[in-house]
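Commentary on secondary and tertiary structure
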Amino acid sequence: MSEKKESKHIIIPCSGIGKAVGTITRRATYIVTEELLPNDTDSICLPLLTIEDEETVQKIRQNPCITVDGCVAQCAKKNVEHHKGKLEGEIKILDVIKENPKLKPETVLDIGLGGERLARKAAEKVVKIVGDKS
Amino acid sequence: MKVKSKIGLISCSGEGLSEGMISRVATRRILEERDDVVTICLPLFLAGGQEERDFAKDNPCITVDGCSKMCAAKGVKIYGKVQPKSSIIISEIMEKDKLLKPKSKSKIEPEDEKLVHQTMKIINKEIEKMKDNE
């Protein structure tokens, strides 16, 4: 009898440091992986993909990935695609902001209440993708 | 007149470890305090174009890594084809100064401030050293 290997969804934020939207991606990821779906999701350090760390590359090829990007550069999505990861969904924070025009993030170091609420909205989108694909 | 380049400060920003949070926060605070440093989101080395890959050639770099995998330092070498002028590792600062590992990956607690300040002190010292050698 073969044992079925459980796979987790890998949630990958963009690792942005230059804009508040990057911080929102990170916060959204932690909301999903630590609060909402801790048993079904995991994350990685995106820079490990950038430097082609073999263990990390295997992880994104073997598990469904959902990227969360802050800006138009879409670093998380492009890094996953470059390494032929199993990209199952993508969230763009700029879309979340467009859908919630009254919510404004504050700064990179402190996204404030508006940023926190945007992160929650993004996290809900991630949870929906995980649910739809499970 | 030759325009002097700014110093590049590149943080690993790793989401997977609390040391990555320290590298990101310390780097960001320095960027907000000084006008002689610039940064780039590390994953842009892969996701961006030639301009992003030339960042490390155009700006002598200090890398700030959370752990011994040293994604920021390796990213500079792989994509910029240069060595960082200085390389700082948070886990080494923790060991040398006997500072505790932060409990959270996402939030700086009051007890983490000592580690952030010590990291900032080292970064500032390296920046001044580089400027003296110009």
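Here goes a summary of the coordinates provided. Here, residues in each chain are numbered from 1, in the same order as that chain's written sequence. Just so you know, chain letters begin at A and ligand numbers begin at 1, following the order they were written in. Only residues with pLDDT of at least 70 get local features here, since the model is predicted, and only at 80 or more are side-chain atom pairs given and counted; chain-wide, interface and lining totals rely on the full set of residues.

1. What about the interface of chain A and chain B?
Think of it this way: build a C-beta for each residue from its backbone, and any pair within 7 Å is a contact. Facing 29 residues of chain A, the contacting portion of chain B comprises 28 residues. Of all the secondary structure elements, the ones that give two or more residues to the side of chain A that touches chain B are helix 1 (20-36), helix 2 (46-50) and helix 4 (75-82) of chain A. For this classification, the nonpolar set comprises Ala, Val, Leu, Ile, Met, Phe, Trp, Tyr, Cys and Pro, the charged set comprises Asp, Glu, Lys and Arg, and every other residue, Gly included, is treated as polar. Partitioning the side of chain A that touches chain B into residue classes produces 15 nonpolar, ten polar and four charged. In DSSP terms, a helix is any run of H or I states spanning at least four residues, a strand is any run of E spanning at least two, and both are numbered starting from the N terminus.

2. Here's the deal with the packing of helix 1 of chain A against helix 6 (residues 112-133) of chain A
Residues and elements named next belong to chain A. All axes here are fitted lines through C-alpha atoms, helices being fitted over the stretch that makes contact, and every angle between N-to-C directions spans 0 to 180 degrees. Packing of helix 1 against helix 6 brings their axes to within 8 Å, and their N-to-C directions diverge by 55°. By the angle class used here, helix 1 and helix 6 are oblique. Judged by the sense of rotation from one axis to the other, the crossing of helix 1 with helix 6 is right-handed. Counting all contacts with helix 1, which are made through Ala20, Thr23, Ile24, Arg27, Ala28, Ile31, Val32 and Leu36, the residues of helix 6 involved are Gly115, Glu116, Leu118, Ala119, Arg120, Ala122, Ala123, Val126 and Val127. For the contact of helix 1 with helix 6, a count of residues per class yields twelve nonpolar, two polar and three charged. For classification purposes, angles smaller than 35 degrees are called roughly parallel, those larger than 145 roughly antiparallel, those between 65 and 115 roughly perpendicular, and all remaining angles oblique. By definition, turning the near helix anticlockwise from the far helix through less than a right angle yields a left-handed crossing, and turning it clockwise yields a right-handed one.

3. Description of unusual backbone geometry
Within the chain, Lys84 of chain A stands out as a residue other than glycine whose phi angle is a positive 55°. Within the secondary structure, Lys84 of chain A is located in the loop between helix 4 and strand 4 (86-92). Here a residue counts as buried when 20 or more other C-beta atoms fall within 10 Å of its C-beta, as exposed when 12 or fewer do, and as partly exposed in between; the C-beta atoms come from the backbone. Residue classification places Lys84 of chain A among the exposed positions, given that 10 C-beta atoms sit within 10 Å. One non-glycine residue, Lys98 of chain B, lies in the positive phi region at around 50°. As for its position among the elements, Lys98 of chain B is in the loop between helix 6 (90-96) and helix 7 (113-132). For Lys98 of chain B, a count of 6 C-beta atoms within 10 Å puts it in the exposed group.

4. What to know about the nonpolar core
Among soluble globular proteins, nonpolar side chains are generally buried collectively. By definition, a nonpolar core groups buried Ala, Val, Leu, Ile, Met, Phe, Trp, Tyr and Cys residues that connect through C-beta atoms lying within 7 Å of each other. If you look at the biggest cluster of nonpolar residues, it comprises 69 residues, and the most contacted ones within it are Ile12, Ile24, Ala28, Val68, Ala122 and Val126 of chain A together with Val64 of chain B. Residue contributions to this core peak at seven residues, all from helix 1 of chain A.

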